[in-house]
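# Tertiary structure, described
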Amino acid sequence: HKALGIPESFMDSCNLPLCTEPEELIATELDFYNRPQRLSPEAFAAWSEMKGAAQQDWVTIFLISAFRDIQYQHYLLAKKLNEGSSLESILSVNAAPGFSEHHTGRAVDIGTLGCDALVEAFEQTNAFQWLKINGNKHGFFMSYPRDNKFGINYEPWHWCFCKDDK
């Protein structure tokens, strides 16, 4: 955090929970960009089930991204800082290293045909409407709805698998 200019008080002031990396990750299908992705075994099983259920309803969903380690999250923030973005604006769209649900191996960024990746317009797709009705049936919940308590911008494409014990 220090290298990124994130103050020591950040942990006390942010509303995001600390996210630890899982002990086990497994390879998933390739994402939309043909990059390898990984998820926890439970999250991948639930993702596969949900993707199949959507397909049966004639809805296409696919991975844009899944697991990101803490070092890669640091890289993403450093790149944006180097491009001239302010730390405040970056932290409204990207969690600080250690606080991203992607670290858990349970978060997925979801895309669909006919919609650019990682844009608010995703909320206007059939895929998003399907996810709102069916995502939680498969253990997935939208992490960052409008005006969320975490201060992260609205992300209709970001969904996280929550185990039954949560």
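The structure reproduced in this document is the subject of the present report. Values in this document were obtained by computation on a predicted structure and should not be read as measured data.

Our focus in this paragraph is the pattern of salt bridges. Evaluation of the coordinates by the stated rule reveals five salt bridges. Between Glu 83 and Lys 79 there is a salt bridge; the shortest N-O distance is 3.9 Å. Across the pair Arg 146 and Glu 123 runs a salt bridge, and its minimum N-O distance is 3.0 Å. Here Glu 123 lies in the loop between strand S4 (107–111) and helix H5 (126–134) and Arg 146 lies in the loop between strand S5 (140–144) and strand S6 (155–161), a separation of 23 residues in the sequence. Beyond isolated ion pairs, a larger network of salt bridges with shared partners links Glu 120, Glu 123 and Arg 146.

This brings us to helix H2 (residues 41–56). Note that an α-helix has 3.6 residues per turn; residues three or four places apart therefore point the same way. With 16 residues, H2 extends 23 Å between its outermost C-alpha atoms, agreeing within 8% with the 22 Å of an ideal straight helix rising 1.5 Å per residue. Within H2 the residues assigned to the buried category are Ala 43, Phe 44, Ala 46, Trp 47, Met 50, Ala 53 and Ala 54. Once H2 ends, the next one or two residues include Trp 58, with phi positive near 65°.

What counts as what
Residues numbered from 1 in each chain as written. Predicted model: local features only at pLDDT ≥ 70, side-chain atom pairs only at ≥ 80, totals over all residues. Heavy atoms only, no water. Salt bridge = Lys/Arg side-chain N within 4 Å of Asp/Glu carboxyl O. Helix = DSSP H or I, 4+ residues; strand = E, 2+ residues; numbered from the N terminus. Expected span 1.5 Å × (residues − 1). Buried < 20%, exposed > 50% of the residue type's maximum accessible area, 1.4 Å probe, protein only.

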